[in-house]
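Architecture and fold: a report
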Amino acid sequence: MTKDQIYSLPQRRVGDFTFDDAVADVFPDMIARSVPGYASILSMIEQLSSRFILPNTNVYDLGCSLGAATLLMQPQAPPDCILHAIDNAPAMVERLRSIVNAQPPSGCRIQVHEADICEFALDHASFVVINLTLQFVPIEDRTALMQSVFDALIPGGALLLSEKICFEDPLQQALLTDLHHDFKRAHGYSDLEIAQKRTALENRLLPETTDSHVARLRDVGFGCVAPWFQCFNFVSVLAVKSEQPT
Ligand SMILES: C[S@@+](CC[C@H](N)C(=O)[O-])C[C@H]1O[C@@H](n2cnc3c(N)ncnc32)[C@H](O)[C@@H]1O
Ligand SMILES: O=C(O)C(=O)C[C@]1(C(=O)O)C=C[C@@H](O)C=C1
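Residues numbered from 1 in each chain as written. Chains lettered and ligands numbered in written order. Predicted model: local features only at pLDDT ≥ 70, side-chain atom pairs only at ≥ 80, totals over all residues.

A separate point is helix α1 (residues 21-34). With 14 residues, α1 should cover 20 Å at 1.5 Å per step; its first-to-last C-alpha distance of 18 Å lies within 8% of that length. What α1 keeps buried is the set Ala-24, Phe-27, Met-30 and Ser-34. Of the surrounding elements, those touching the buried residues of α1 are α4 (90-101) and α6 (170-186). (Helix = DSSP H or I, 4+ residues; strand = E, 2+ residues; numbered from the N terminus. Expected span 1.5 Å × (residues − 1). Buried ≥ 20, exposed ≤ 12 C-beta atoms within 10 Å, placed from the backbone. Contact = placed C-beta atoms within 7 Å.)

Here we take up helix α8 (residues 210-220). Among all positions in α8, only His-213, Arg-216, Leu-217 and Val-220 are buried. Along the axis of α8, the buried positions cluster into a sector of 95 degrees, meaning they face one direction only. Facing away from the buried side of α8 by more than 90 degrees, the exposed set consists of Asp-211 and Asp-219. Buried residues along α8 sit against α5 (139-152), β5 (153-164), β6 (224-231) and β7 (234-240). The positive-phi residue at the C-terminal boundary of α8 is Gly-221, with phi of around 130 degrees. (Arc of directions from axis to C-beta.)

As structure tokens, this is what we get:
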């Protein structure tokens with residue numbers, strides 16, 4: 001795994017964070033050392049996919065990057081499912097296509113799409129994952145996207161949403177941010193790397209509170225909305241569409 005050193009040298013002007021070739025090359029290392037609980041979330045996506053994915057349905061990984069979640073879900077999916085892995089970063093899509101093409105043919109089909117998840121038509125889905133990606137979608141577009149996920153799900157289908165979050169209480173915000181930075185330091189990032197990446201993400205990654213996410217998911221129609229995981233300022237929520245229309 002190539003080590004993430006993108007922010008290790010001082011930059012005169014830190015530009016906005018983008019999912020370009022440099023990031024895609026180091027992404028597995030970057031995300032593992034930046035998101036506390038990332039491995040646990042992935043492992044639960046694998047477990048949840050075996051429960052929720054049903055035969056002859058679509059499964060979506062929205063903002064799939066290099067397909068970490070997609071590749072864990074594939075063995076859980078019956079062969080007549082189609083697993084759609086969608087990302088709008090060419091650097092991610094190109095690498096994921098090579099990874100998928102290098103796999104021995106087995107399990108359900110994976111279709112990799114280079115597309116904006118806000119414009120992609122979703123249909124007949126049993127399980128949808130949006131892992132650390134809604135945070136990069138403009139806030140004003142998030143409800144429409146969650147509505148399109150809800151509308152595409154079959155009754156009993158589920159959405160797994162993981163996000164970096166913020167807090168209304170300034171003391172909680174400061175403490176959890178500090179703990180996140182301690183986590184990064186403990187995983188080898190310097191204060192310079194932490195500070196420069198923070199600047200790069202400032203206008204790109206717009207976190208909301210857990211309450212805002214839960215309220216939005218309820219508003220678009222989910223009958224059961226269950227935050228099931230939190231580590232510092234990262235949360236994962238499972239939302240299930242009721243079997244009966246409400
Ligand atoms: C933090 S990464 C997601 C990590 C990945 N889901 C995982 O579990 O490893 C965010 C990804 O979302 C993609 N992305 C951001 N906005 C998007 C959009 N509007 N449409 C499609 N992909 C988007 C980025 O290109 C990036 O690959
Ligand atoms: O490094 C951070 O502070 C993060 O917020 C981590 C985060 C994310 O949550 O998406 C940011 C950018 C990279 O895609 C990987 C992880």
